[in-house]
Amino acid sequence: MSPYYGFDELRLMTDGRSADEAIAEVTGKDPARDLRQCGMVDARGRSAAWTGEQTLDWSGHRLGEGYAAQGNRLVGPETLDATVEAFLEHADLELAERLLLALEAGDATGADKKGERSGVIYVMDTRSTHCGTCGSTTP
């Protein structure tokens, strides 16, 4: 995945594009889009995702009101199904906790075919926050 997709898509949504419009615009300009995967949810809860035809097998995504889940090199669709199910089951929790539980549920299915693990949870709010670890301030 190109790490720049997220920055570009967020900028486009700030300019008023929906999640679907932002993903279509960013992937439409990328000659390597068939190797990439991304997903996002806009401020209205509309979700969109892209899974290129040449991403590693098994690849896919699941979309719904307020969520977008995607993965590649998975054991199968059950990983995303378990991820979404856990996310939806815990609607009463804070977003970061829901995301962590969703990742754990997906991981319990065997997740990555090669047994590798990686994940990032980055939740942004509308106000500035100060990072006690690195000292930076985010808008």
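Everything in this summary refers to the structure shown in the same document. (Residues numbered from 1 in each chain as written. Predicted model: local features only at pLDDT ≥ 70, side-chain atom pairs only at ≥ 80, totals over all residues. Heavy atoms only, no water.)

1. Comments concerning helix H4 (residues 95-107)
Then step 1. Here H4 is 13 residues long and its end C-alpha atoms lie 18 Å apart, about the 18 Å a rise of 1.5 Å per residue gives.
Then step 2. Taken together, the buried positions of H4 are Arg-98, Ala-102 and Gly-106. Looking straight down H4, one finds that the buried residues subtend no more than 70° of arc, so they occupy a single side.
Then step 3. Each element contacted by the buried residues of H4 is listed here: helix H3 (77-89). (Helix = DSSP H or I, 4+ residues; strand = E, 2+ residues; numbered from the N terminus. Expected span 1.5 Å × (residues − 1). Buried < 20%, exposed > 50% of the residue type's maximum accessible area, 1.4 Å probe, protein only. Arc of directions from axis to C-beta. Contact = heavy atoms within 4.5 Å.)

2. Points about a nonpolar patch on the surface
Then step 1. A surface patch of nonpolar side chains, amounting to about 230 Å² of accessible area, comprises Leu-100, Leu-103 and Ile-121.
Then step 2. Under the relative-accessibility criterion, Leu-100 is labelled partly exposed at 37%. (Patch = residues over 30% accessible without salt bridge, like charges linked within 9 Å, V, L, I, M, F, W, Y side chains within 5 Å. Areas by Shrake-Rupley, 256 points an atom, 1.4 Å probe, with all protein chains shown as cover. Salt bridge = Lys/Arg side-chain N within 4 Å of Asp/Glu carboxyl O.)

3. What about the side chain of Ser-59?
Then step 1. Among the secondary structure elements, Ser-59 is positioned in the loop between strand E2 (47-51) and strand E3 (60-64).
Then step 2. For Ser-59, the side chain forms a polar contact with the side chain of Thr-55, separated by 3.0 Å.
Then step 3. When sequence neighbours within four positions are dropped, the list of residues in contact with Ser-59 reads Gln-37, Thr-51, Gly-71, Asn-72 and Arg-73. (Polar contact = N/O pair within 3.5 Å; in protein donor to acceptor, adjacent residues only side chain to side chain.)

4. Looking at the pattern of salt bridges
Between side chains of opposite charge, a pair can form when the charged atoms approach closely.
Then step 1. Summed over the entire model, instances satisfying the criterion amount to seven salt bridges.
Then step 2. One salt bridge in this structure joins Asp-42 and Arg-46, with 2.8 Å as the shortest N-O distance.
Then step 3. Note that Arg-73 and Glu-116 form a salt bridge whose closest N and O atoms lie 3.1 Å from each other. Of this pair, Arg-73 sits in the loop between strand E4 (67-71) and H3 while Glu-116 is found in the loop between H4 and strand E5 (129-130), placing the two residues 43 residues apart along the sequence.
Then step 4. When its relative accessible area of 17% is taken as the criterion, Arg-73 is described as buried.
Then step 5. When salt bridges with common partners are traced through the structure, they connect Arg-17, Glu-25 and Lys-29 into a single cluster.

5. Thoughts on the packing of aromatic side chains
Then step 1. Summed over all chains, the structure comprises one aromatic pair.
Then step 2. Here the guanidinium or amino end of Arg-98 rests over the ring plane of Phe-87, the centre of that ring lying 3.8 Å away. (Phe/Tyr/Trp six-rings, centres within 6.5 Å; stacked < 30°, edge-to-face > 60°. Lys NZ or Arg CZ within 6 Å of the ring centre and 35° of its normal.)

6. Structural notes on helix H2 (residues 19-28)
Structurally, the α-helix is built with 3.6 residues per turn, so residues lying three or four positions apart point the same way.
Then step 1. All of the buried residues along H2 are Ala-19, Ala-22, Ile-23, Val-26 and Thr-27. What you see down the axis of H2 is that its buried residues fit within an arc of 115°, all on one side.

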